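Summary of the model geometry
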There are 2 protein chains.
Amino acid sequence: MIHLLRQHIQTRLGNDVSGLEDVLTTFKERHIKRGELVVRQGENCDHVYYIASGCLQVFVYDADVNETTRDIVIEDNWCADLISFGGSQPATENIKAVEPCILLAINRADFYHLMQTVPQFDKVYRQILEASYANSVYRINTFVSLSALDRIKWLMDYRPKLMSRLSSKLIASYLGISQETFSRLKAKI
Amino acid sequence: MIHLLRQHIQTRLGNDVSGLEDVLTTFKERHIKRGELVVRQGENCDHVYYIASGCLQVFVYDADVNETTRDIVIEDNWCADLISFGGSQPATENIKAVEPCILLAINRADFYHLMQTVPQFDKVYRQILEASYANSVYRINTFVSLSALDRIKWLMDYRPKLMSRLSSKLIASYLGISQETFSRLKAKI
DNA sequence: AAGGGGTGTTGACAAATGTCAACGTTTTAA
DNA sequence: TTAAAACGTTGACATTTGTCAACACCCCTT
């Protein structure tokens, strides 16, 4: 699965990335079953994951112990509790495989080693951060400016893959509405 | 006002930042009146701003042309449409001074020049990104997991300064609720 | 001092969304 | 393969939140 990561990086930084093979060999392949937790709230998130295949849910529990989904991340993207990873703090969120996943994982020590020894690697990290941030910005704007119905339409327009491949329950939680409301509003479109 | 920025950077990177004075002289001081727009949706955001004093509102318009507030940023923090700035794209958001502000601005060309010539400067940028991202994460989690009342309580606990110094109208828009609902729920606490 | 615009609060009502329950369907696990 | 569990939909009703209007208040400006 390393070839997917190689391609991911080359697409973004060009074909001439010095030290690329050193970077690639540092990642370990992990196979995760559907439903398995990759990061648990309260524990330290000391890896960053490249998703070679599958789909991860990033969530917290609300007052009634429902899972409320902050993000859904699919293959060819990065996922981690970056705040926990960067600050060596306990994770404030959980990360769960909602499909069987193949992840390429790098631990904190190796990560910082690469940051110092491979000049281009910090560009990789910056791009992960920028992409995660941009994603968050759009998401907040949907919450402050759109109704539930319009958030559904937004999701259909901008992340149509999610609608078809994930359970209604998960999508509803991602949109911040109940499963029943989601079912009813969907029928209206 | 440059001394505030110097202190901001030294607090985060230590007192021995090589090239720090080169960095500082690159910033231009801008005085902004209350109500003035710093960044306009559709135009390019080609500066990053350090807020020496005052307060900025980052917002978009909803379908009814109400301002819906994605973020509120106070002094000793950074503000920009980072997506527009980084990608040289039109800004998707507006930024407005909700108090008289003193900003320290750096334009894109100077910014990238510093990134290449001052080794530590990209750490500054990374910290801006990380802080912005962390802030977004918490904010999304309040929307997916909390009711309007609990979002108000969250704001009182985690950003109490905002409650006392900003108008109710602005806070309500930041919380994603109407002014009237905000007024009523406040009375319940 | 007087007028005007924005703000904050409150009431009455409407609209949106949540909760609980029921039921058929699909998926999972033994 | 079969039983159990989870899922998706729908109905009835409760709760939350929004909208519109009125009004008092404050801060401007003139």
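Rules used in this analysis
Residues numbered from 1 in each chain as written. Chains lettered and ligands numbered in written order. Predicted model: local features only at pLDDT ≥ 70, side-chain atom pairs only at ≥ 80, totals over all residues. Heavy atoms only, no water. Near = heavy atom within 4 Å. Polar contact = N/O pair within 3.5 Å; in protein donor to acceptor, adjacent residues only side chain to side chain. Helix = DSSP H or I, 4+ residues; strand = E, 2+ residues; numbered from the N terminus. Nonpolar A, V, L, I, M, F, W, Y, C, P; charged D, E, K, R; others polar. Buried < 20%, exposed > 50% of the residue type's maximum accessible area, 1.4 Å probe, protein only. Pairing = 2+ DSSP bridges. Axes fitted to C-alpha atoms, helices over the stretch in contact; angles between N-to-C directions. Contact = heavy atoms within 4.5 Å. UniProt positions renumbered as here; feature names shortened; annotations may be inferred. Salt bridge = Lys/Arg side-chain N within 4 Å of Asp/Glu carboxyl O.

Quick look at the protein's contact with DNA strand C now. Taken together, 16 residues lie near DNA strand C, and Ser178, Thr181 and Arg184 of chain A together with Ser168 and Arg184 of chain B sit nearest. When the atoms of DNA strand C within 4 Å of the protein are grouped by moiety, sugar and phosphate amount to 51% of the total. Contacts to DNA strand C include Arg184 of chain A, whose side-chain N or O atom sits 2.9 Å from a base oxygen. Between Arg184 of chain B and DNA strand C, the recorded distance is 2.9 Å, taken from a side-chain N or O atom to a base nitrogen. Breaking the surface near DNA strand C down by element, the ones donating at least two residues are helix 9 (179–188) of chain A together with helix 8 (168–175) and helix 9 (179–188) of chain B. For the surface near DNA strand C, the class distribution of residues is two nonpolar, seven polar and seven charged.

It is worth spelling out unusual backbone geometry at this point. Positive phi, close to 50°, is recorded for Ser88 of chain A, a residue that is not glycine. For Ser88 of chain A, the position within the fold is in the loop between helix 3 (82–87) and strand 7 (94–97). One non-glycine residue, Asp76 of chain B, lies in positive phi territory at about 65°. For Asp76 of chain B, a relative accessible area of 33% puts it in the partly exposed group.

Strand order in the open sheet formed by four strands is 2-7-4-5 (chain A), and the pairing between neighbours is antiparallel. Each edge of the open sheet carries a strand with a single partner, namely strand 2 (37–39) and strand 5 (67–74) of chain A. Sheet twist, expressed as the mean angle between neighbouring strand axes with direction ignored, is 30°. Across seven bridges, the pairing between strand 4 (residues 55–61) of chain A and strand 5 of chain A is antiparallel. For Phe59 of chain A, the partnering residue across the bridge sits in strand 5 of chain A and is Thr69 of chain A. On the sheet, helix 5 (residues 121–145) of chain B packs against strand 4 and strand 5 of chain A and is oriented at approximately 130° with respect to strand 5 of chain A.

Now for the UniProt feature "domain: Cyclic nucleotide-binding" (unreviewed entry) in chain A. Residues given the UniProt feature "domain: Cyclic nucleotide-binding" (unreviewed entry) here are residues 20–115 of chain A. Secondary structure over residues 20–115 of chain A splits into 22% helix and 45% strand, and the C-alpha atoms at its two ends are 12 Å apart.

Turning our eyes to something else, we now look at the protein's contact with DNA strand D. If you check the shell around DNA strand D, you find 15 residues, and the closest are Ser168, Lys169 and Arg184 of chain A together with Thr181 and Arg184 of chain B. Considering the 4 Å shell around the protein, atoms of DNA strand D inside it are sugar or phosphate in 50% of instances. Ser168 of chain A has a polar backbone atom sitting 3.0 Å from a phosphate oxygen of DNA strand D. Within the contact set of DNA strand D, a phosphate oxygen lies 3.2 Å away from a side-chain nitrogen or oxygen of Lys186 of chain A.

Every contact between the two is made by 30 residues of chain A and, on the other side, 30 residues of chain B. For the pair chain A and chain B, the interface holds two salt bridges. Across the pair Asp122 of chain A and Arg126 of chain B runs a salt bridge whose closest N-O atoms are separated by 3.7 Å. Inspection of the region where chain A meets chain B yields six residue pairs in polar contact (both at pLDDT 80 or more). For the side of chain A that touches chain B, the secondary-structure elements that each account for two or more residues are strand 5, helix 3, helix 5 (121–145) and helix 8 (168–175) of chain A. No other element matches helix 5 of chain A, which puts 17 residues into the side of chain A that touches chain B. In terms of residue class, the side of chain A that touches chain B is built from 14 nonpolar, nine polar and seven charged.

The subject of this paragraph is the pairing of strand 4 of chain A. Two faces make up the sheet, and in a regular strand the side chains alternate between them. Residue and element names in this part refer to chain A. Extensive coverage of strand 4 is indicated by the burial of six of its seven residues. Both strand 4 and strand 7 contribute to a ladder of four bridges, which runs antiparallel. By the bridge assignment, Phe59 is partnered in strand 7 with Asn94.

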